[in-house]
Every structure is written in C-alpha cells, then in structure tokens.
Amino acid sequence: MLGRIDKKKAEIRLSDHFTGERLLRFVMPSVIMMVFTSIYGVVDGLFVSNYVGKTPFAALNLIYPLLMILGGLGFMVGTGGSAVVAMALGEGKKEKANQYFSMLIYVTIGLGLALTAVGFAGLRPVARILGASGEMLENCIVYGWIMLVFQTFFMLQNVFQSFLITAEKPKLGLAVTVAAGLTNVVLDYVFIAVFGWGLAGAALATGFSQMVGGGIPLVYFLRKNKSLLRLTKTRLDTGILVKTCANGSSELMTNISMSLVTVLYNYQLMALAGENGVAAYGVIMYMNFVFCAMFIGYAIGCAPIVSYHYGAGNRDELGNLFRKSLVIMAVTGCAMTLLGQVMAAPLTRIFVGYDRELYELTCQGMRIYALSFILSGFNIFGSSFFTALGNGGVSAAISFLRTLVFQIVSVLVLPMYLGVSGIWLSIVAAEGLALAVTACFLARNRKRYGYA
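Just so we're clear, the structure is a prediction, and the values are computed from it rather than from any experiment.

What counts as what
- The residue numbers shown here count from 1 along each chain, following its written sequence.
- Reporting in this predicted model follows two pLDDT cut-offs: at least 70 for local features of residues, and 80 or more for side-chain atom pairs to be given and counted; totals over whole chains, interfaces and linings ignore these cut-offs and use all residues.
- To get the side-chain values, all heavy atoms of the structure are used, and hydrogens and water are removed first.
- Here, the term disulfide refers to a pair of cysteine sulfur atoms separated by no more than 2.5 Å.
- In this scheme, a residue with accessible area under 20% of its type's maximum is buried, one over 50% is exposed, and one in between is partly exposed, where area comes from a 1.4 Å probe on protein chains only.
- Grid points spaced at 1 Å and placed over the protein atoms alone form the basis of the search, with a cavity being a set where a 1.4 Å probe fits but cannot get out and a pocket an open set showing protein on both sides within 12 Å along at least five of seven lines. Lining residues have an atom within 4 Å of a point.
- Grid points are joined across faces, edges and corners, and a volume is the space filled by probe spheres set on the points.
- Secondary structure counts use DSSP, requiring at least four H or I residues in a row for a helix and at least two E residues in a row for a strand, with both numbered from the N terminus.
- Three residue categories are used. Nonpolar comprises Ala, Val, Leu, Ile, Met, Phe, Trp, Tyr, Cys and Pro, charged comprises Asp, Glu, Lys and Arg, and polar comprises the others, including Gly.
- Definition of nonpolar core: a set of buried residues of the types Ala, Val, Leu, Ile, Met, Phe, Trp, Tyr and Cys, connected through side-chain atoms within 4.5 Å.
- Here, residues are in contact when the closest pair of their heavy atoms is within 4.5 Å.
- In this description, a line fitted to the C-alpha atoms serves as the axis of each element, helices being fitted only across the stretch in contact, and the angle between N-to-C directions of two axes falls anywhere from 0 to 180 degrees.
- In what follows, roughly perpendicular refers to angles from 65 to 115 degrees, roughly parallel to angles under 35, roughly antiparallel to angles over 145, and oblique to any angle outside these ranges.
- Whether a crossing is left-handed or right-handed is set by the direction in which the near helix is turned from the far one by less than a right angle, anticlockwise for left-handed and clockwise for right-handed.

Undergrad: Before we go on, may I ask you to explain the state of the cysteines in this structure?
TA: As used here, a disulfide is simply a covalent bond connecting the sulfur atoms of two cysteines. This structure, assessed with the given rule, holds 0 disulfides. A disulfide-free cysteine, Cys334 has its sulfur positioned 14 Å from the sulfur of Cys292, the nearest such atom. Given the relative accessible area of 43%, Cys334 is considered partly exposed.

Written as structure tokens, this is what we have:
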C-alpha cells in the first residue's frame, strides 16, 4: 500500500504546480528522447563516413535536408496539435481532445502516404537541382528512395513525440525512442559493417527504426490505455486542422528553413572548400543536432504544461514556468558551448580522422559553430513558448527570421570578408539577431498572456 502511495505521489500531472525539480523531472524524458533521436541520426553518418566513403557521406548530407522538410510536416502536426489538445484538456473537454487527437493522427497517415508517392517522382530532379551528379547523384537516389518508403512512420514518430507528453506518458515516449535508436544502431552495424550494403544499408536501418518509433505509439493509442488520450472514431474538423497547422507552422518553418539554409551552406562550401567543405559541414551538423536536442527536448516537454495552464487560466503558473525556463536555458547554453569547445577535436576524429585536411577544417568549424549554443536555447524556447500559447504567428516569425532570413544574410555576406570562417560564424550572427527579436516579442506580449 505504501509503495502505491509513493508511486502516486511521484506522478507528475499537467495540472501541478512546478518547482524547478518537478519541471526537470517532467521534461527530462523528452530531452533524453530528442538526444537519442539525434544520436541515431548521427550513427548513419558515422558508419557511412568510416565504412562506405567520403562521397556517399557527402551525398547523404546533400539529400537529407529534403527528407527533413517532408518529415517536418509531422513536427508541425505534433507541436501545433498537442497545444490544441492540451488546451482542450485544460478546459475539461476530454472527449473533444481525443477527437482532435484522433483526427490529426489519421490525417498524418494519409499525408505520409501521399508524400511518398510524390517523393518517388520528384527525387531525381530535385537531387540534380541540389548539385548532385554522377556517383553522388546515384547515392542520393538510393538513400532517398529507401527513406521515402518509411515516410509515414517518420511523420508519425515526429507527431507522437509531442502527443505522448500531452498524454502524460513522457517515459513511454523515451522508451520508444530508445528502442528506435538501438534498432538503428544495431542494424547500421549489421547492414553496413557486416553485410556491406553501403548507403542502402544505412537507409534501411533508419527506416526500420522509424517503424519502431512510429508504430509502437500507434498500437498503444489504438488500444485501451491509462493515458489521457486514445484513438477513437472522429470526423474531419477543418477548423481544428487549420488551427493546428497555423499553430505548428513555426516548427514546419524551422525544418524547411534549416533545410534550405543547409543547401545554401553546402553551395557556399562547395565553392570555397569543395567536397571537403560539404563533408565538414555534415559532421558539424551532427554535433548541432545532438546539442540542440537538449533545447528542443526541453521545449517539447514544457509546451503541454504551458498550454494546459494557459487553457486553465493559471497565469501565476505561466509566470513560474517562464522564469524557470529562462534560467534553465541560460545554464544549459553555457554548458553546451563549453562542451562544444572541449569535444571538437575528439568528435571530429571519430568521423573524419582518416583525412588530415578534412579533420582540421571540421575541427576549426566546430569550435566556431559551438559559440551559437549560448544563444540558441533562448530562441528555441521562445518560439515553442508562443506555439504553446496558441500564437503561431509570433512563433513562426521567430523561427522564420532565426532559421532562414538571418542565416541567409549571414552566410552570403560574412564569407565575402572572412572566407570559410565566415560560414561557420554565420550561425552565431544569426542567433544573436534572433535573440534580439525573441526578447522584443517576449517583452511585448508579457501582459497579454500574463507570464510576467
């Protein structure tokens, strides 16, 4: 009996008052979940670079932005939809919340199947536009076509990352992500190192891991469960769908912008440093994925709490969450920047230690790029915070300026004066400009939402 009482006390609900310790306990599964998601994406690059070669590694990095744009639709539905569903739960409308949730999952499945068909037809011409030719083009096609087969599961995985938190099951989300990550790591070793399937093996390993990440939650929500959400009969509600898309547009914008900017970075690097530049940027992006996953995981984990208390009209708790989040972002940002400096050389050696010139280029770029982490956490949280409040316009504006406008300007201008170093510094300049915009939006809206 005492054990059951202690377990009940340990459970954290969206409706709770959050101390710093309770907030970290609730969001930590989401942080770990995002880190694992990033790591198993990095594993592909690690195996391809060391077992398959530099050209296939560059091809993977060239086509990956396109696949992320398609998968970004899942992030849009997940983040935008979880805010809508959490607000409904906060208003006491549980049946409506489940209907909204079910509709959004079914729409995601249909959209994923449609994008697979479109992707098959358009992949080759798009790869050519991105600059691929010869062996690199064929590598892009092999990797891209296999990944498109699993597109629906990829989108579901992204959607469920948010909804498992809204359902008060962040630990299940973490368990699913760990299972998917381990699947990817093991299959990468088997398909690439043992079977010698090359880039195709990397794509298959990732695809099967996405089946785990998207399939297990789908089965869980289809069955009777003890969470706040379950898949039920529903109908298409265009109003809620439009609200979800508008509210989650910042996350979609972030994915699209980052992918487009990656194309521009690769273009500039091809001109200034050739194939080595593209490979170096790929390694730096892997570091960025893992480190920024800390911030993204916190934002995803915190968002349903913000939405719930906003829907319930608990302004004092909103202010409490806001203040604690700023402190957490500051501490984490400093730690990530310091870690980036310390880990630059050993991380670079793991990926491209076999090529001295590429190693030096990558290591230098990684140390410069790591300076951005002290700033980026505030911008990621700020955008997610407004999404959670249902203000997709402000959230999208922050994301659009941060991930597209400021980076495009920086990556076009700075290399003219600083060469390759200007490319690595572009992200630092963009995050600095975005922080000024984020601070203005937060100050301007503090009375409207009551978080200050």
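Undergrad: It is not clear to me how the layout of surface pockets should be interpreted in this structure. Could you clarify?
TA: Regions of empty space are outlined by a rolling probe, equal in size to a water molecule, passed over the atoms. Of the volumes computed, that of the second largest pocket is approximately 200 Å³. Taken together, Ile39, Val42, Val43, Leu46, Val283, Tyr286, Met287, Val290, Phe291, Leu347, Phe351 and Met366 form the lining of the second largest pocket. At the level of elements, helix 2 (20–52), helix 11 (275–311) and helix 12 (315–352) are the ones that each hand at least two residues to the lining of the second largest pocket. Looking at the lining of the second largest pocket residue by residue, the classes come out as 12 nonpolar, no polar and no charged.

Undergrad: When you look at the nonpolar core in this model, what are you seeing that I'm missing?
TA: For soluble globular proteins, the rule of thumb is that nonpolar side chains tend to be buried together. Residues Leu23, Phe101, Ile105, Tyr143, Tyr298, Trp424 and Tyr451 are the most contacted members of the largest nonpolar core, which totals 131 residues. At 22 residues, the largest contribution of residues to this core is made by helix 11. Aside from chain neighbours lying at most four places away, what touches Phe101 is Val85, Phe160, Phe163, Phe221, Leu229, Arg230 and Leu231.

Undergrad: Would you mind showing me how to read the side chain of Asn288 here?
TA: As for its position among the elements, Asn288 is in helix 11. Dropping the residues within four chain positions of it, Asn288 is found in contact with Met258, Ala293, Tyr369 and Phe373.

Undergrad: Is there a simple way to think about the packing of helix 15 (residues 392–418) against helix 16 (residues 420–444) in this case?
TA: For any two helices packed against each other, one specifies the inter-axial angle together with the distance between the axes. Orientation of helix 15 relative to helix 16, taken along the N-to-C sense of each, is 150 degrees, at an axis distance of 7 Å. Taken together, helix 15 and helix 16 sit at an angle that is classed as roughly antiparallel. Handedness of the crossing formed by helix 15 with helix 16: right-handed. Among the residues making up the contact of helix 15 with helix 16, the classes are represented as 19 nonpolar, 6 polar and 2 charged.

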